[in-house]
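Listed here are the chains, written in short residue letters.
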Amino acid sequence: MRILAIETSCDETGLALVEGTNIDSGFAFEVIDSALLSQAALHAEYGGVYPNLAKREHEKNLPVLFEKFKEQQVDAIAVTNGPGLEPALWTGVEFSKKIAKERGVPLLATNHMEGHLLSSLVKDGKLENVQLPVLALLISGGHTEFVVMKNWFTYEIVGKTKDDAAGEAYDKVARMLALPYPGGPEVSKLAEYARANNIKSDVKLPRPMYDTKDSNVSFSGLKTAVLYLLRDKGGIQKFDLDARAAVAREFEDATADVLVHKTKRALEESGAQTFVIGGGVAANKHIREKLQELIATDFNEVEMRLPELNITGDNAIMIAEAALARALSGKDDQADDTLRAIGNLSIQTNK
Ligand code: KG4
Ligand code: ZN
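A few points on the structure. Note that this is a predicted model, so its numbers are computed, not measured.

Looking now at the layout of surface pockets. Of the voids in this model, the largest pocket is the one considered here, and its volume is about 1,000 Å³. Lining the largest pocket are 39 residues, and of these Ser-140, Gly-141, Gly-142, Asp-171 and Tyr-181 lie nearest its centre. At the level of elements, α4 (112–120), α5 (166–176) and α6 (184–196) are the ones that each hand at least two residues to the lining of the largest pocket. Sort the elements by how many residues they give to the lining of the largest pocket and α5 lands first, with 6 residues. Classifying every residue of the lining of the largest pocket gives 12 nonpolar, 20 polar and 7 charged. When we break the lining of the largest pocket down by domain, the ones giving at least three residues each are domain 1 (2–122 + 310–335) and domain 2 (131–306). Within this model, the second largest pocket holds a volume of roughly 170 Å³. The wall of the second largest pocket is formed by Val-31, Ser-119, Val-122, Lys-123, Asp-124, Gly-125, Pro-307, Glu-308, Asn-310, Ile-311, Ile-317 and Glu-321.

The next thing to look at is the site of ligand 1. As a matter of local geometry, ligand 1 sits amid 17 residues, with Gly-141, Asp-171, Gly-184, Gly-280 and Asn-284 nearest to it. Between ligand 1 and Asp-171, the relevant distance is 2.6 Å, taken from an oxygen atom to a side-chain nitrogen or oxygen of the residue. Between an oxygen atom of ligand 1 and a side-chain N or O atom of Asp-314, the distance comes to 3.0 Å. A total of 550 Å² of accessible area belongs to ligand 1 in isolation, and the protein chains cover 85% of it. Assessed atom by atom at 2 Å from the grid points, ligand 1 resides in the largest pocket. Of all the elements in the fold, those that place two or more residues in the shell around ligand 1 are α4, α5 and α6. Looking at the shell around ligand 1, its residues break down into 4 nonpolar, 11 polar and 2 charged. Two domains share the shell around ligand 1, each providing at least three of its residues, namely domain 1 (2–122 + 310–335) and domain 2 (131–306).

Rules used throughout
Residues numbered from 1 in each chain as written. Chains lettered and ligands numbered in written order. Predicted model: local features only at pLDDT ≥ 70, side-chain atom pairs only at ≥ 80, totals over all residues. Heavy atoms only, no water. 1 Å grid on protein atoms, 1.4 Å probe; cavity = no way out; pocket = protein on both sides within 12 Å on 5 of 7 lines; lining within 4 Å. Points joined across faces, edges and corners; volume = space filled by probe spheres on them. Helix = DSSP H or I, 4+ residues; strand = E, 2+ residues; numbered from the N terminus. Nonpolar A, V, L, I, M, F, W, Y, C, P; charged D, E, K, R; others polar. Domains from an automatic or database assignment. Near = heavy atom within 4 Å. Polar contact = N/O pair within 3.5 Å; in protein donor to acceptor, adjacent residues only side chain to side chain. Areas by Shrake-Rupley, 256 points an atom, 1.4 Å probe, with all protein chains shown as cover. Sits in = over half its atoms within 2 Å of the grid points.

Structure (structure tokens):
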């Protein structure tokens, strides 16, 4: 089965044509072609994603990117209908409705977070031999949540951020450190530089909600602590490269400490057999390593799956794979002309 997927939930316009087949132990995927256009450079001057600009850019980019898929035979069109920025989501939804209609093929609604989760479980092009339950740590610019999948395509959010998402905190701290948007990779680079040169902060940042008896997290206080640290020492202009690197490292250490500690808790409580991370922040080297360490030392029996770096950020391959996994299992969510974009769509929504 061949699916053409469209992703426009934030500032990436993505299209992907993926062929999926049932195999004994799961599904095999072959990416026939994909296209991804990032608007990050445009949004950089606003220091974040500007929804109406994103919408305008998606409207412009979609027909251009679609050109290379136009002649292809497809069995269905899949589109992200949430969560994300509503004006941005709508562009993809409207465009997909139009092409599904023109071709007379089904339109499948796909949840963006399910896309991150399922595609992160894919190994060597196959989604197979997955031992349930799965615990997923989804860390992106808009979300930070622990999701348990006890049965395929059924999700329970067992923990989440009380305020900012991890990626959002990275982006805000990047701004305070005068680094460009999107700031996650920039803060991470600076933190790596500090580690390599043994540069440490003399101020310890808080680990918010570390000791709470649940799997929830919070990053707003951590972000504010960085703001005060900079302010109390005379502002960012008083920080040379090494001093900024020390702050980036301490911020990343605090973020990783909290995520690792809460992952430990969520693994114990869920009895998960498989652990997976997904979303933009899942590209972070330090967080990946710290989580791998946790699994290696405390959870020998749990299999950890790490997404390839090219699919951690938003893309349409993940949407195609999630839609294919559902369709090949007979659990697809066929939509029609009434399909709506839903900004705060939860992965927990039963379909
Ligand atoms: O999943 P994603 O591409 O978009 C959303 O659905 O939000 O995630 C984007 C987020 C941004 O906040 C970005 O700064 C962060 O992921 N990010 C990182 C890294 N790469 C991307 N954060 C920390 N370290 C990274 N290496
Ligand atoms: Zn995302």
